[in-house]
Every structure is written in structure tokens, then in C-alpha cells.
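# Architecture and fold: a report
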Amino acid sequence: MNNLNNPDLDQKVSTHFDSVAEGYANAYNDGSFFSYFFNRRLEIVLESLNKYDQATILDVGCGPGMMAKYSIEKGFEFFGIDISEKMIEECINNFGHLSSTHFSVGKLQKLEFPDAFFDVVLCMGALEYVPRDEIDESLAEMIRVLKPNGQIIMSLMNKNSFFAWHRRLRAKLVKKIKGRDIQAESYDDLSRPFDEKSIVALLNSKQLQNIGTSRFGLNIYPYFLEWRIPHQLKIKLSKTLDNIIRGRFKWPYMAFIVKARKAVSNCKG
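This write-up is about the structure you can find in this document. (Residues numbered from 1 in each chain as written. Predicted model: local features only at pLDDT ≥ 70, side-chain atom pairs only at ≥ 80, totals over all residues. Heavy atoms only, no water.)

## Structural notes on the pattern of salt bridges
Selection rule: Definition used for salt bridges: Asp or Glu carboxyl oxygen within 4 Å of a side-chain nitrogen of Lys or Arg. Strands are runs of DSSP state E lasting at least two residues, helices are runs of H or I lasting at least four, and both sets are numbered from the N terminus onward. For each residue, the accessible area found with a 1.4 Å probe, counting protein chains only, is set against the maximum for its type, and the residue is called buried under 20%, exposed over 50%, and partly exposed in between.
Under the criterion given, the structure shown has eight salt bridges. Note that R40 is salt-bridged to E43, the shortest N-O span being 2.9 Å. Highlighted residues: R40 and E43, both in helix α2 (residues 33–49), separated by three residues, approximately one helical turn. Among the residues examined, E43 registers a relative accessible area of 44% and is labelled partly exposed. With a closest N to O distance of 2.8 Å, D136 and K206 form a salt bridge.

Structure, rendered in C-alpha cells:
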């Protein structure tokens, strides 16, 4: 069964994130390898946001509102949407009392905002949960609500990483040995990784400008070893290797961030 083409994918994704919403923010500070992954992603995003003195920001797939905390500190106007009702409840519980924050349940494919409304649109790990035939529609919506010269920042899992290749190999072996597909066990099995060149080409076709990518989350550990290596050792090894090979190879990195700007003349997205 291919979960990514299943018509109830939205329900599966929302159910999964509803189940992990409480305490999800701890993934940023629990000392695990995924804490390293999330915080490296955050560092790359903040390199762009720190250049703004004032901004209206939309975070699509905002989760428990990790970017809201930073936006509040900077004095930004922050809007967050998520397909998970429980995630939005977490956001409202933590930040809903502030007049500069706005949260609602919503889908990337249909954004309930006016044209050219946001200075920055963030999409951190959300596009990979959108059905294949709705990717173009989702990008068009993000571009539509972005102001001319506004910036879109997306985080995507890397289809060509060792991590993704090893997961595909594992799935094939399980199917061959047990005669069945691996069922969706976690967000990784519900999501779809992206090819870096393909997404850049797609953004170019949308007449976006200044497109650039940054890779993060170095992970070269086979599935059968990655859970046996102590987190701190794995983080130390990944940081060391990252300092050596950063920018030279794509395959060691689990994910990448792509940044682009909406052309001033591209008013219709």
C-alpha cells in the first residue's frame, strides 16, 4: 500500500501529529539526535529572519509554535496554521494570549489569507505530507499570499540522502522477506522526500528569484545501527563530519532548506 497516494492521507497525518502534539516541543531541547537536527534547521532559518526589523510571518505546518517564540521576541506579527488540531491547541495554550500571534487549523493547499499579505512564508517539513498531485497547488498558494520581494523558506527531506536510500532498501527487504509493505509507523513513513534539483527547478518555473539551498542533518548511520549509537556520540560525529564536508556532497544530509524570493512583477504567484 502506498500511503502517499491514499485519499485519507490528511486524516492519517493529522491523527499522527495529534498523538504527539503534547510534548513535541521537547524535541528541540531533549539532547537527542533529532534535537540536533531541529536546532540546526532553526539556525539556518534564523539567518534569514534576523535580517528583518519588522515582518508579518506565516508558518505553514507550525506544529506547537516553535517559530512563534522567536517571532514574539523580534516583535513580528506571526500567523501559524497546522492540519493538527492538537498542535494548534498547544500554540494557543502557549502563545494565544498575545495580540501579535494568530493560530488556526488549516491546509497548505488552501490558505485563508489575502493575496500579497506576508513578508515571509515558512514551510518547515510540511510540503512532504501533501499528496503528489497537490504540490503545485500548494506552492501556488504560498506564492499568492507572499508580498512581492517576500521570501519563502521551506525545509524538505532529501530524497537522495543515505538516510532515505537506506529506508527504501529496508522497505524492499522487508517486502521480499515477509511478502508485505511496511505499514506507516511514524511520520517518516507518511512523508515524501524531495529531490533538491527538482524542487529548485519547480520554484524557477514559478518565477521565483534568488533561489538557494542549505543542507543539514548529516546522518550516515544504517538503520540497524542508528538507534544503538548514543545520541551525544552521534551528534559529535555528525558535527565533525559536517565541518569537513559541508557544501561538497548532498548524500550525507537528511534534509535541505530552500529559500527564494517572489519577483516584484510576480503579483499573481
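## A closer look at the sheet that holds strand β1 (residues 56–60)
Selection rule: A strand pair is defined by DSSP finding two or more bridges across the two strands. Think of each axis as a best-fit line through the C-alpha atoms, taken over the contacting stretch in the case of a helix, with angles from 0 to 180 degrees between the N-to-C directions. Note on contacts: a residue pair is in contact if any heavy atoms of the two residues lie within 4.5 Å.
Taken in spatial order, the seven strands of this open sheet run β3-β2-β1-β4-β5-β7-β6, and their pairing is mixed. Edge positions in the open sheet fall to β3 (101–105) and β6 (208–218), since each of these has one partner strand only. This sheet shows a mean twist of 15 degrees between the axes of neighbouring strands, independent of strand direction. Pairing geometry for strand β4 (residues 118–124) and strand β5 (residues 146–157), over six bridges, is parallel. Across the sheet, residue C123 finds its bridge partner in β5, namely M154. Along the sheet face, α2 touches β1, β4, β5, β6 and β7 (253–262) and points at about 20 degrees away from the line of β7.

## Points about the state of the cysteines
Short version of the rule: The disulfide criterion used throughout: a pair of cysteine sulfur atoms within 2.5 Å.
A full pass over the atoms with the stated rule returns zero disulfides. Its sulfur unpaired, C62 is 3.9 Å from the next cysteine sulfur, which belongs to C91. Judged by relative accessible area, C62 falls into the buried class, the value being 5%. Looking at the unpaired C123, the closest cysteine sulfur is the one in C62, lying at 11 Å.

## Description of a positive patch on the surface
Definition in use: The residues that make up patches have over 30% relative accessible area and no salt bridge, and they are joined within 9 Å when like-charged or within 5 Å when they are Val, Leu, Ile, Met, Phe, Trp or Tyr. Residue exposure ignores everything except the shown protein chains as possible cover, and the areas themselves are Shrake-Rupley values with a 1.4 Å probe. When charges are counted, Lys and Arg are positive and Asp and Glu negative, with His and the chain ends excluded. Working definition for charges: the position is that of NZ of Lys, CZ of Arg, CG of Asp or CD of Glu.
Positive charge collects at one region of the surface, where R132, K159, R168 and K172 lie side by side. Assignment of secondary structure puts R168 in helix α6 (residues 162–178). R168 gets classed as partly exposed once you look at its relative accessible area, which sits at 36%.

## Focus on unusual backbone geometry
Even without a glycine there, the phi angle at A116 is positive, about 50 degrees. Assignment of secondary structure puts A116 in the loop between β3 and β4. Residue A116 is classed as partly exposed on the basis of its relative accessible area, which comes to 32%. Located in the positive-phi region is N210, a residue other than glycine, with phi close to 50 degrees. The residue N210 is located in strand β6 in this model. The exposure class assigned to N210 is exposed, which follows from its relative accessible area of 62%.

## Here we look at α2
Put simply, the test is: To estimate how far a helix should reach, multiply one less than its number of residues by 1.5 Å.
In this model α2 runs 25 Å from its N-terminal to its C-terminal C-alpha over 17 residues, within 8% of the 24 Å that 1.5 Å per residue would give. Where burial is concerned, most of α2 is hidden: twelve out of the 17 residues are buried. Among the residues making up α2, those that are buried are F33, S35, Y36, F37, F38, R40, R41, I44, V45, L46, S48 and L49.

## Side note on the nonpolar core
Put simply, the test is: Residues belong to a common nonpolar core when they are buried Ala, Val, Leu, Ile, Met, Phe, Trp, Tyr or Cys residues joined through side-chain atoms within 4.5 Å.
Ranked by size, the top nonpolar core spans 34 residues in total, and within it V45, L49, I57, M67, F103, L122 and I153 carry the most contacts. If you list the elements that add at least two residues to this core, you get α2, α3 (66–74), α4 (85–95), β4, β5 and β7. Contact partners of M67, with chain neighbours within four places excluded, come to L42, V45, L46, L49, D59, F78 and L122. If you look at the next biggest cluster of nonpolar residues, it comprises 29 residues, including L111, A126, F194 and L208.

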